[in-house]
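Residues per chain, in single letters:
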Amino acid sequence: WLALLTAAPTDTNLTMAAVTEYTATGYARQVFGPGSATAAEPSVISNAGVITFGPFTAGTGGVVTHAAICDAVSGTTANIIGTVALTASRTPATGDSLQAAIAAFTFSSN
């Protein structure tokens, strides 16, 4: 699952309880849906499809700065698998959606 965050996570974050997740009405974590990992070292995965959050219907105004891959569709006990900073922060308005193109989110491990 891909979650949107409104603050930079620290290296010690292990669960979603330790980060600040975006909370507008209409927001929900989305399926990350990675493609195959690359054979390169370090290996890289990215989202294989377009990811859309929203539309947001109320409670907007928070600035989205980061995203996290976690292992549950909701809840603060979800384990964080990886985090990434957005190349540009976003402040959605009521009625907006945030959309990420294929391969917009990439994660690597070494």
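Structure report, in brief. (Residues numbered from 1 in each chain as written. Predicted model: local features only at pLDDT ≥ 70, side-chain atom pairs only at ≥ 80, totals over all residues. Heavy atoms only, no water.)

### Structural notes on the side chain of Ser 46
So, step 1. In this structure, Ser 46 sits in strand β2 (residues 43-46).
So, step 2. Those residues in contact with Ser 46 that sit more than four places away from it in its chain are Phe 32, Gly 33, Pro 34, Gly 35, Ala 103, Phe 105 and Thr 106. (Helix = DSSP H or I, 4+ residues; strand = E, 2+ residues; numbered from the N terminus. Contact = heavy atoms within 4.5 Å.)

### A few points about the nonpolar core
So, step 1. Counting 25 residues, the largest nonpolar core has Leu 2, Met 16, Phe 53 and Phe 105 as its most contacted members.
So, step 2. At the level of secondary structure, the elements contributing two or more residues to this core comprise β1 (2-5), β3 (51-53), β4 (64-70), β5 (80-90) and β6 (98-100).
So, step 3. Examining the composition of this core, we find that 5 residues originate from one element, β4, more than from any other.
So, step 4. Ignoring any residue separated from it by four or fewer positions in sequence, one finds Phe 105 in contact with Leu 2, Phe 32, Ile 45, Ser 46, Asn 47, Ile 51, Ala 67, Val 84, Leu 86 and Ala 100. (Core = buried A, V, L, I, M, F, W, Y, C linked by side-chain atoms within 4.5 Å. Buried < 20%, exposed > 50% of the residue type's maximum accessible area, 1.4 Å probe, protein only.)

### Notes on the environment of Thr 25
So, step 1. Along the polypeptide, Thr 25 turns up in the loop between β1 and β2.
So, step 2. Along the backbone, Thr 25 and Thr 65 are 40 residues apart, and their C-alpha atoms lie at a distance of 18 Å.
So, step 3. Thr 25 has contacts with Pro 55, Phe 56, Thr 57 and Ala 58, leaving out every residue within four places of it along the chain.

### A few points about the packing of aromatic side chains
So, step 1. Under the definition given, this model contains 4 aromatic pairs.
So, step 2. Ring centres of Tyr 27 and Phe 53 lie 5.9 Å apart, and the angle between their planes is 10°; this geometry places the pair in the stacked category. With Tyr 27 in the loop between β1 and β2 and Phe 53 in strand β3, the pair connects residues that are 26 residues apart, well separated along the chain. Note on accessibility: Tyr 27 and Phe 53 belong to one class, buried.
So, step 3. When the centroid spacing of 5.6 Å and the interplanar angle of 80° are considered together, the rings of Phe 32 and Phe 107 count as edge-to-face. Within this pair, whereas Phe 32 is found in the loop between β1 and β2, its partner Phe 107 is found in strand β7 (residues 106-109), the two being separated by 75 residues in sequence. The pair formed by Phe 32 and Phe 107 is uniform in burial state, with each residue classed as buried.
So, step 4. Connected via pairs of aromatic rings, a cluster forms that spans Tyr 22, Tyr 27, Phe 53 and Phe 56. (Phe/Tyr/Trp six-rings, centres within 6.5 Å; stacked < 30°, edge-to-face > 60°.)

### Quick notes on unusual backbone geometry
Note: most peptide bonds trans; most residues except glycine with negative phi.
So, step 1. The linkage connecting Glu 41 with the following residue, Pro 42, adopts the cis geometry, with an omega of 5°.
So, step 2. Position of Pro 42 relative to the elements: it lies in the loop between β1 and β2.
So, step 3. With omega at 15°, the peptide bond leading from Gly 54 into Pro 55 counts as cis.
So, step 4. Within the fold, Pro 55 resides in the loop between β3 and β4.
So, step 5. We note that Ala 103 has phi near 65°; this positive angle belongs to a residue other than glycine.
So, step 6. Inspection of the secondary structure puts Ala 103 in the loop between β6 and β7.
So, step 7. Note on Ala 103: relative accessible area 39%, which makes it partly exposed.

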